[in-house]
Amino acid sequence: MSKATELDVAYVAQLARLNLTEEETQLFQKQLRDVLHYAEKLRGLDVTEVEPATHAIPVSNVFREDEPRDGLTAEEALANAPRQANQLFIVPKVVE
Amino acid sequence: MTGADLAALTVADLQQRIRAREISPREALDAVRVRIAQVDPKIDAYLSQDYEAAAAEAESANIELPLGGVPVALKDVINLRGQPCTCGSKILASYRAPYDATVARKLRAAGAILFGKTNMDEFAMGSSTENSSVKPTRNPWDVTRVPGGSSGGSAAAVAADEAIAAIGTDTGGSIRQPAALCGIVGLKPTYGRVSRYGLVAFASSLDQIGPFTKTVRDSALMLNAIAGHDPLDTTALREPVPDYTADLGKEIHGLRLGIPKEYLGDGIEKDVREAVDRAIQQLESLGAKIVEVSLPHTEYAIAVYYIIATAEASANLARFDGVRYGYRAGNARDLLDHYGRTRGEGFGPEVKRRIILGTYVLSSGYYDAYYLRAQKVRELIRRDFDRAFEQVDALVSPTSPIVAFKLGERSADPLQMYLADIFTNAANLAGICGISIPCGFSESTGTRLPIGLQLMGKAFDEARLLQIAHAYEQSTDWHKARPAL
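So, here's what we can say about the structure. (Residues numbered from 1 in each chain as written. Chains lettered and ligands numbered in written order. Predicted model: local features only at pLDDT ≥ 70, side-chain atom pairs only at ≥ 80, totals over all residues. Heavy atoms only, no water.)

## Points about the packing of aromatic side chains
Residues and elements named next belong to chain B.
(1) Moving on: The final tally for this structure, using the stated rule, is 17 aromatic pairs over all chains.
(2) Moving on: Feature note: the residues Tyr95, Phe123, Phe320, Tyr325 and Phe347 constitute an aromatic cluster, connected by ring pairs.
(3) Moving on: Arg410 extends its terminal NZ or CZ atom over the ring of Phe405, reaching a point 5.5 Å from the ring centre.
(4) Moving on: If you follow Arg448 out to its NZ or CZ, it ends over the ring of Phe441, 4.0 Å from the centre. (Phe/Tyr/Trp six-rings, centres within 6.5 Å; stacked < 30°, edge-to-face > 60°. Lys NZ or Arg CZ within 6 Å of the ring centre and 35° of its normal.)

## Overview of empty space enclosed by the protein
(1) Moving on: The full count for this structure, using the stated rule, is 5 cavities of 30 Å³ or more.
(2) Moving on: Quantified by volume, the largest cavity comes out at close to 70 Å³.
(3) Moving on: Here the residues of the lining of the largest cavity are counted per class, giving 5 nonpolar, 6 polar and 2 charged.
(4) Moving on: Its volume calculated, the second largest cavity comes out at about 60 Å³.
(5) Moving on: Forming the walls of the second largest cavity are Val35, Leu36, Tyr38 and Ala39 of chain A together with Ile302, Ala303, Tyr306, Ile307 and Leu357 of chain B.
(6) Moving on: Elements with a contribution of two residues or more to the lining of the second largest cavity: α2 (22-39) of chain A together with α10 (301-316) of chain B.
(7) Moving on: Across the lining of the second largest cavity, the residue classes break down as 9 nonpolar, no polar and no charged. (1 Å grid on protein atoms, 1.4 Å probe; cavity = no way out; pocket = protein on both sides within 12 Å on 5 of 7 lines; lining within 4 Å. Points joined across faces, edges and corners; volume = space filled by probe spheres on them. Nonpolar A, V, L, I, M, F, W, Y, C, P; charged D, E, K, R; others polar. Helix = DSSP H or I, 4+ residues; strand = E, 2+ residues; numbered from the N terminus.)

## A look at unusual backbone geometry
As a rule of thumb, non-glycine residues mostly have phi less than zero, and peptide bonds are mostly trans rather than cis.
(1) Moving on: The peptide bond linking Gly149 of chain B to Ser150 of chain B adopts the cis configuration, its omega dihedral lying at 10°.
(2) Moving on: Inspection of the secondary structure puts Ser150 of chain B in the loop between β3 (113-118) and α6 (152-159).
(3) Moving on: Non-glycine residue Asn61 of chain A carries a positive phi angle of around 50°.
(4) Moving on: Within the secondary structure, Asn61 of chain A is located in the loop between α2 and α3 (74-78).
(5) Moving on: Unlike most non-glycine residues, Thr129 of chain B shows phi in positive territory, near 65°.
(6) Moving on: With respect to the helices and strands, the residue Thr129 of chain B is situated in the loop between β3 and α6.
(7) Moving on: Judged by its relative accessible area of 0%, Thr129 of chain B falls in the buried class. (Buried < 20%, exposed > 50% of the residue type's maximum accessible area, 1.4 Å probe, protein only.)

## Details of the interface of chain B and chain A
(1) Moving on: Contacts between the two partners involve 67 residues from chain B, matched on the other side by 54 residues from chain A.
(2) Moving on: Between chain B and chain A, roughly 5,300 Å² of surface is buried when both sides are summed, and carbon and sulfur atoms account for 70% of that area.
(3) Moving on: At the boundary of chain B and chain A, one finds 3 salt bridges.
(4) Moving on: Linking Lys352 of chain B and Glu24 of chain A is a salt bridge whose minimum nitrogen-to-oxygen distance equals 2.7 Å.
(5) Moving on: The tally of links between chain B and chain A comes to 14 residue pairs in polar contact (both at pLDDT 80 or more).
(6) Moving on: Sorting elements by how many residues they give to the side of chain B that touches chain A places helix α13 (residues 368-391) of chain B first, with 13 residues.
(7) Moving on: For the side of chain B that touches chain A, the class distribution of residues is 37 nonpolar, 14 polar and 16 charged. (Contact = heavy atoms within 4.5 Å. Buried area = accessible area lost by both parts, 1.4 Å probe. Salt bridge = Lys/Arg side-chain N within 4 Å of Asp/Glu carboxyl O. Polar contact = N/O pair within 3.5 Å; in protein donor to acceptor, adjacent residues only side chain to side chain.)

Laid out in structure tokens, this is it:
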């Protein structure tokens, strides 16, 4: 297991698209280091041959019939849009 | 009957009086509204209320329905069409739900009147409701103290008679712990018992919706209304829904209750330990057989939880990006700036901490060591419970090692806050059901503060859990106590 100090809050925050202040970065670095240090205890356990528990209660292949259903109307879907026009969500320019 | 008396009724009593035409649903709603106006300035349980639609529903309520005319509050993480659903966050401060969550639809179908959304830790991340971006909620038993979290608003509302019942969510204890700290009944159903459609997701493999009530019978009535399969939630299972009130009142003679020996360590406040010991003796005097069991991986539950829950949260909260709804930072230079500032400004510190931790444990090079390993230890924890339930019918423990603490007392140290989840996390990891019921009070701080007893049951064994809880409750007076407000 990797060492707790390898967490680089500034880098991971960038991955998570979170702009942090300098104070936040430093505070979180310390706080999360403590949490990860606490989590080190998992390292000592023998988990060979143990399947990961991806489901709390095992289920698989939950399907429904391929029948169309009502969804939100365009108006409903746009109702909370920060900016909208012509039934479109207006966003900052992505493509140069 | 005065308005205050009316607001203090249970679901069962109110329903009975409504059917006997002693009270109308409109009067019940008005009584709750008046009570909220009187006490919520001190408690701050509610984020929003809307009586216009609710009054119309009350006027036309079908009183023969199981919850006909009963006012029920919803934690503000559940979509109720046309109403705010802030999740306690700035990033959703202006959001209005365009659809109804299944739980809201089912409550209405059972006749409940939905009139208000309650305060919570932001995106259900917290154990004190201090992480709400709006305001903290205060414990009705001592307004200088927290009600617990993350469903603190719903718990405080029921404890203060500001709702006849309320709905919360539990991912690592967020129903059971506030129920314990506020002296009421809080049930976390089995994972998959209640549909999560319309619940804003925190950790998809752990989240479960459940009721806060004044009594165990009320909890069973609420579970009857909200449980069941839902084609809109692939994790809501097809298990049949029994009548959860059917076994209430049955003797518990001969039922085996397990005390996990790993739960008896240090760190439990003296008053809590004594109250729980007395409760266990009480259960024994009712005929239950007390057995010591072992859950060997108990000490790993918190670490496993905070890896899995934060990982899932980092994925679930990626949708809050200022594009289709919610807060958007102005004057973004480019797309990355748009995302970074929207989320940096819109989320509070605890949410950001958890997203960062979750992103890290899922990231390339760390996934195996953290997330995959945690999922394997989760399986070991699940097996611990399977083995324990071969020997006993239910497990018993304190719900929280501590009683309600002062506002601000624990907010500087996230890890310390996380460690208080020790008795509740594991039930979410294993998917099993758990309930907290009042079992006494702590007096050592000078004010009376509630103590909760936790019972945990096998998956889909809520009927048995409620039976045991009811038997204990009816043999004591704890559930009749009310805070002086």
